[in-house]
Amino acid sequence: MRQVLLLIFAISFAAVAHADPLADLAVAQKAVIEAWSKVPFSQQNVTFVTEPSTGYGVYKKRDSNVFKPGEPILTYAEPIGYGWKPLADNRYELHLMADLAIVDASGDVVWSKKGFLDSTLQSFKQNMEFKLDMTLNVDGAPAGKYKLRYTLYDMTSYDMTSGKTSSFDQDFEIASAG
């Protein structure tokens, strides 16, 4: 019995001593990518910001959704669940587009722009940390309450399958002058 226990201990010790953390990390990353492919295309951490972000998750959140006349409206968002198009030379491409509509308090679209944003990233990695900075200037718009309605398109999947889209709204107000 003692010999069996020593053998089990020796085998266990050998397995621990030969563990490869980089191989374990590669297996975990593959599992994360598989899980990512099941996440619906959407977004998280959508917020008004005081200035363009300096990186993924690196932004200065704005305290209010009320803007002075002529003040630019900056939105930060982190899309999730998008796909990657394999490219030559072992790279991947991520391609997102966005349409934007401004809706007034009565629900009427007062302005819209197809292709408001077109963002592409080519990388040797299947990047999952990707952010969007969107800036809108509404000079001359009357004071009042409005809604930004963004519609995102995952062009990578859009070209390859039926297409993935996601929408989100942001309520905002343009203050009275003075």
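Residues numbered from 1 in each chain as written. Predicted model: local features only at pLDDT ≥ 70, side-chain atom pairs only at ≥ 80, totals over all residues. Heavy atoms only, no water.

## Observations concerning the overall build of the protein chain
At step 1: Along the backbone of the protein chain there are 3 helices and 9 strands.
At step 2: Across the protein chain, helices and strands are ordered from the amino to the carboxyl terminus as α-α-β-β-β-β-β-β-β-β-α-β.
At step 3: With 178 residues in all, the protein chain has 31% of them scored as buried.
At step 4: Counting only contacts in the protein chain whose residues sit at least 6 apart along the sequence, the fraction spanning at least 24 positions is 66%.
At step 5: Carbon and sulfur atoms make up 57% of the accessible area of the protein chain, which totals about 11,200 Å². (Helix = DSSP H or I, 4+ residues; strand = E, 2+ residues; numbered from the N terminus. Buried < 20%, exposed > 50% of the residue type's maximum accessible area, 1.4 Å probe, protein only. Contact = heavy atoms within 4.5 Å. Areas by Shrake-Rupley, 256 points an atom, 1.4 Å probe, with all protein chains shown as cover.)

## Some details on the environment of Leu96
At step 1: Examined against the element boundaries, Leu96 turns out to sit in strand E5 (residues 92-104).
At step 2: Exposure remark for Leu96: the relative accessible area of 1% places this residue in the buried category.
At step 3: For the pair Leu96 and Leu152, spaced 56 residues apart in sequence, the C-alpha separation works out to 6.8 Å.
At step 4: If near-sequence neighbours (up to four positions away) are discounted, Leu96 is found in contact with Phe41, Pro79, Tyr82, Leu117, Asp118, Ser119, Phe130, Tyr153 and Asp154.

## Observations concerning the packing of aromatic side chains
Each aromatic ring pair is described using two quantities: the centre-to-centre distance and the angle formed by the ring planes.
At step 1: Tallied over the full model, the rule gives 10 aromatic pairs.
At step 2: Centroid distance Phe48 to Phe67: 5.2 Å. Interplanar angle 75 degrees. Geometry classified as edge-to-face. Remark: Phe67 occurs in strand E2 (residues 66-67) and Phe48 occurs in strand E1 (residues 42-48); sequence separation between them is 19 residues.
At step 3: Judged by relative accessible area, which is 1%, Phe67 ranks as buried. (Phe/Tyr/Trp six-rings, centres within 6.5 Å; stacked < 30°, edge-to-face > 60°.)

## A word on the pairing of strand E9 (residues 164-174)
At step 1: Looking at chain direction, E2 and E9 are connected through 2 bridges and run parallel. Within E9, the position partnered with Phe67 by the bridge is Ile174.
At step 2: One ladder, built from 11 bridges, connects strand E8 (residues 144-154) with E9; its direction is antiparallel. Bridged to Thr151 within E9 is Ser167. (Pairing = 2+ DSSP bridges.)

## What about the nonpolar core?
At step 1: By size, the foremost hydrophobic cluster in this structure holds 28 residues, and its most contacted members are Ile73, Tyr82, Met134, Leu136, Leu148 and Phe172.
At step 2: Of all the secondary-structure elements, those providing two or more residues to this core are strand E3 (73-80), E5, strand E6 (109-123), strand E7 (132-136), E8 and E9.
At step 3: The contacts of Leu148, once residues within four sequence positions are left out, are Phe48, Ile73, Thr75, Leu100, Ala101, Ile102, Leu136, Phe168, Asp169, Gln170 and Phe172. (Core = buried A, V, L, I, M, F, W, Y, C linked by side-chain atoms within 4.5 Å.)

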